[in-house]
Amino acid sequence: MSVLDDIIEGVLEDLAERRRLAPLDTIQQQALSAPPALNAFEALGSGHAAHGFSVISEVKRSSPSRGALSPIADPAELAATYARGGAAVISVLTEQRRFGGSLQDFDAVRQQVNVPLLRKDFTVDSYQIWEARAHGADLILLIVAALDDQQLKAFLELAEELGMNALVEAHTDEEVRRAVDAGARIIGVNVRNLKTLDVDRAVFEALAHAIPDGTVVVAESGVRDVHDVEQYAMHGAHAVLVGEALVQHADPGAAVAQFSAAGTAAMPARGD
């Protein structure tokens, strides 16, 4: 069993309990009565370099690869710090077992900031998409490796019907192709190997070229410092998703601003 399979097994167990407490029709009513979603695609520059480089800043307590990262006693205050630093989108982990997140963290952040929020979890059931919107999410994560083509397309369509965007995460050439074929407008290239959890930053350059113009390209994993941001931007990233380097930084808001400025300066000139 891969790390991803193991995580999804736990996600399904936790989902069954949430579904028992709140049936789908209840969640759907809440989703349809929630305030309209913010436009994460536009917030991330709509895939045009002229809009500058964006940072998706993550509220992340732990990870399978590194274990405990930060206790984050007040996720809402951390999110507010990110927003003051210029974060285009804020990602909040809601997976509990491996990442120490929760929907309660997400709710606290939603009440605090008015920038697009990514509900960062392992989406394997349409219930989770309705649930994300019910809690005020603007963006959801869809991992290509966890879904077949029919699920990926259906989940993308449902997210868009609910006014949200989806960050579609790929790890290989084939997964990038599947994301493009499904109609993804925001594609993340995750350079962490799902089997070994090792990071290979060269994977981003190898895969990003296959993503068509007009798509927001997000570099995921492996951001340690400004140099890493610059390298990703030089090779076609419009944004980075950063968790560990921010939650462990003495001044996360300043780090967000530095990453955004460095990425913008490093982006190659492109036509819109």
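Everything that follows concerns the structure shown earlier in this document.
Being a predicted model, the structure only gives us computed values, none of them experimental. (Residues numbered from 1 in each chain as written. Predicted model: local features only at pLDDT ≥ 70, side-chain atom pairs only at ≥ 80, totals over all residues. Heavy atoms only, no water.)

> Before we go on, may I ask you to explain the overall build of the protein in this structure?
In terms of helices and strands, the protein carries 12 helices and 10 strands. C-alpha extents for the protein along the principal axes are approximately 50 × 40 × 35 Å. Residue burial in the protein is summarised as follows: out of 272 residues, 56% are buried. Within the protein, contacts between residues at least 6 apart in sequence are counted, and of these 69% link residues at least 24 apart. Side-chain charges in the protein split into 22 positive and 39 negative, and the spacing between the mean points of these groups amounts to 2 Å. (Helix = DSSP H or I, 4+ residues; strand = E, 2+ residues; numbered from the N terminus. Buried < 20%, exposed > 50% of the residue type's maximum accessible area, 1.4 Å probe, protein only. Contact = heavy atoms within 4.5 Å. Lys, Arg positive; Asp, Glu negative; His and termini not counted. Charge placed at Lys NZ, Arg CZ, Asp CG, Glu CD.)

> Would you mind going over the pattern of salt bridges with me for this structure?
Pairing between side chains becomes possible if they bear opposite charge and their charged atoms approach one another. Tallying each qualifying case throughout the model produces 19 salt bridges. A salt bridge links Arg20 to Glu17; the shortest N-O distance between them is 2.7 Å. With a gap of 3 residues between them, Arg20 and Glu17 both fall in helix H1 (residues 3-21), about one helical turn apart. With a relative accessible area of 57%, Arg20 lands in the exposed category. (Salt bridge = Lys/Arg side-chain N within 4 Å of Asp/Glu carboxyl O.)

> What am I meant to see in the packing of H1 against helix H6 (residues 126-134) here?
Helices that pack against each other are described as a pair by the angle of their axes relative to one another and the distance between those axes. Packing of H1 against H6 brings their axes to within 11 Å, and their N-to-C directions diverge by 60°. By the angle between their directions, the pair H1 and H6 is classed as oblique. Classified by chirality, the crossing of H6 by H1 is left-handed. Of the residues in H6, those touching H1 at Val11, Leu15, Arg18 and Arg19 are Tyr127, Gln128 and Glu131. Split by residue class, the contact of H1 with H6 holds 3 nonpolar, 1 polar and 3 charged. (Axes fitted to C-alpha atoms, helices over the stretch in contact; angles between N-to-C directions. Parallel < 35°, antiparallel > 145°, perpendicular 65-115°, else oblique. Left-handed = near helix turned anticlockwise from the far one by under 90°. Nonpolar A, V, L, I, M, F, W, Y, C, P; charged D, E, K, R; others polar.)

> What is the right way to look at helix H8 (residues 173-182) in this model?
Residue pairs three or four apart in sequence face the same way in an α-helix, which turns once every 3.6 residues. Every buried residue belonging to H8 is among Glu175, Val176, Arg178, Ala179 and Ala182, and all of these are buried. End-on view of H8: buried residues confined to an arc of 160°, all on one side of the axis. Lining the buried residues of H8 we find helix H7 (149-161), strand S7 (165-170), strand S8 (186-190) and helix H9 (202-208). Downstream of H8 by a residue or two, Gly183 has a phi angle that is positive, lying close to 95°. (Arc of directions from axis to C-beta.)

> I would appreciate a short explanation of the side chain of Lys60 in the present structure.
Checked against the element boundaries, Lys60 lands in the loop between strand S1 (54-59) and strand S2 (62-63). Classification of Lys60 as buried rests on a relative accessible area of 15%. Apart from the residues lying within four places of it in its own chain, the contact partners of Lys60 are Leu69, Ile72, Leu93, Phe99, Gly243 and Val247.

> Just to check I follow, could you spell out unusual backbone geometry for this structure?
The phi torsion at Ser46 lies on the positive side, around 60°, for a residue other than glycine. With respect to the element layout, Ser46 can be found in the loop between helix H3 (40-43) and S1. Among the residues examined, Ser46 registers a relative accessible area of 17% and is labelled buried. One non-glycine residue with positive phi stands out, namely Ser221, at about 75°. By the secondary structure assignment, Ser221 is in the loop between strand S9 (216-220) and helix H10 (226-234). Residue classification places Ser221 among the buried positions, given a relative accessible area of 17%.

> Help me understand the packing of aromatic side chains in this model?
Two aromatic rings are characterised by how far apart their centres lie and by the angle between their planes. What the rule picks out here adds up to 2 aromatic pairs. With a centroid separation of 5.8 Å and 35° between ring planes, the pair formed by Phe99 and Phe122 is classed as tilted. Taken together, the residues Phe99 in the loop between strand S4 (89-93) and helix H5 (103-112) and Phe122 in the loop between strand S5 (117-120) and H6 connect sequence positions 23 residues apart. A residue is classified by how much of its surface remains accessible, and Phe99, at 9% relative accessible area, is buried. (Phe/Tyr/Trp six-rings, centres within 6.5 Å; stacked < 30°, edge-to-face > 60°.)

> Just to check I follow, could you spell out the packing of helix H2 (residues 24-33) against H6 for this structure?
Closest axis-to-axis distance for the H2/H6 pair is 7 Å, and the angle between their directions is 40°. When the axes of H2 and H6 are compared, the pair comes out oblique. Between H2 and H6 lies a crossing whose hand is left-handed. Between H2, through Leu24, Ile27, Gln28, Gln30, Ala31 and Leu32, and H6, the contact on the second element is made entirely by Tyr127, Trp130, Glu131, Arg133 and Ala134.

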